[in-house]
Amino acid sequence: MYEMKQEYLTGIDFIDEEHSKLFAITNEVYELLTNQFIPDKYDYIMKVINELKDYTKYHFNHEEDYMSRIGYRKILSQKVDHADFIEKINGFNSDNIDENQKEALLKLVDFLNTWLVEHIIKRDKMIAE
Ligand SMILES: [Fe+2]
Ligand SMILES: [Fe+2]
């Protein structure tokens, strides 16, 4: 459902691989949303959010290290975007997830896909140029 597409490729292998993993996590959220066999998804939701936090932190650091190594000039707008993402994800970590699990998952999957596609196309693809 949510996956890496040709148009998202930056041409920098490690970045493309890490983006694939981020789409795979987005897909995990979607599968959790559509899974009818888990009555209480709270623990799974928290698990996928933590996975997401860990992996994005890893990916953003990796990307920022690379940009500073090559002297990329628009590193600041990247850092602002990355910090904004982390802040939004941290905002998801609230008590009302438990009460509104379906809504939380819907919001999360929509946020992830929109953010990833937009950031990759508007920002990450420029790094290789
Ligand atoms: Fe990225
Ligand atoms: Fe980025």
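Attention in this report is confined to the structure presented alongside it. (Residues numbered from 1 in each chain as written. Chains lettered and ligands numbered in written order. Predicted model: local features only at pLDDT ≥ 70, side-chain atom pairs only at ≥ 80, totals over all residues. Heavy atoms only, no water.)

### What about the coordination of the iron ion (ligand 1)?
At 2.0 to 2.2 Å from the iron ion (ligand 1) lie its protein donor atoms, namely His19 (NE2), His59 (NE2), Glu63 (OE) and Asp124 (OD). Classification of the site at the iron ion (ligand 1) as irregular follows from its 4 donor atoms and the range of 83 to 170° in their angles at the metal. The sequence pattern formed by the donor residues of the iron ion (ligand 1) is H-x39-H-x3-E-x60-D. (Donors = N, O, S within 2.8 Å, 3.2 Å for Na, K, Ca; no water. Tetrahedral: all angles 85-135°; square planar, octahedral: opposite > 155°, others 65-115°.)

### Here we look at the coordination of the iron ion (ligand 2)
For the iron ion (ligand 2), every protein donor is listed as Glu63 (OE), Gln78 (OE1), His82 (NE2), His119 (NE2) and Asp124 (OD), and the spread of their distances is 2.0 to 2.3 Å. Of note, the iron ion (ligand 2) draws all its donor residues from one chain, in the sequence arrangement E-x14-Q-x3-H-x36-H-x4-D.

### Concerning the nonpolar core
Core analysis: the biggest nonpolar cluster contains 30 residues, and Val29, Ile49, Leu52, Phe85, Ile89 and Leu108 have the highest contact counts within it. Only helix 1 (13-34), helix 2 (42-69), helix 3 (75-91) and helix 5 (101-127) provide two or more residues apiece to this core. Counting residues per element, this core draws most heavily on helix 5, which supplies 10 residues. Beyond its immediate stretch of four places on either side in the chain, Ile49 contacts Ile89, Phe92, Ile97 and Leu108. In terms of nonpolar packing, the next biggest core, distinct from the first, is built from 8 residues, Ile12, Ile15, Ile75 and Ile127 among them. (Core = buried A, V, L, I, M, F, W, Y, C linked by side-chain atoms within 4.5 Å. Buried < 20%, exposed > 50% of the residue type's maximum accessible area, 1.4 Å probe, protein only. Helix = DSSP H or I, 4+ residues; strand = E, 2+ residues; numbered from the N terminus. Contact = heavy atoms within 4.5 Å.)

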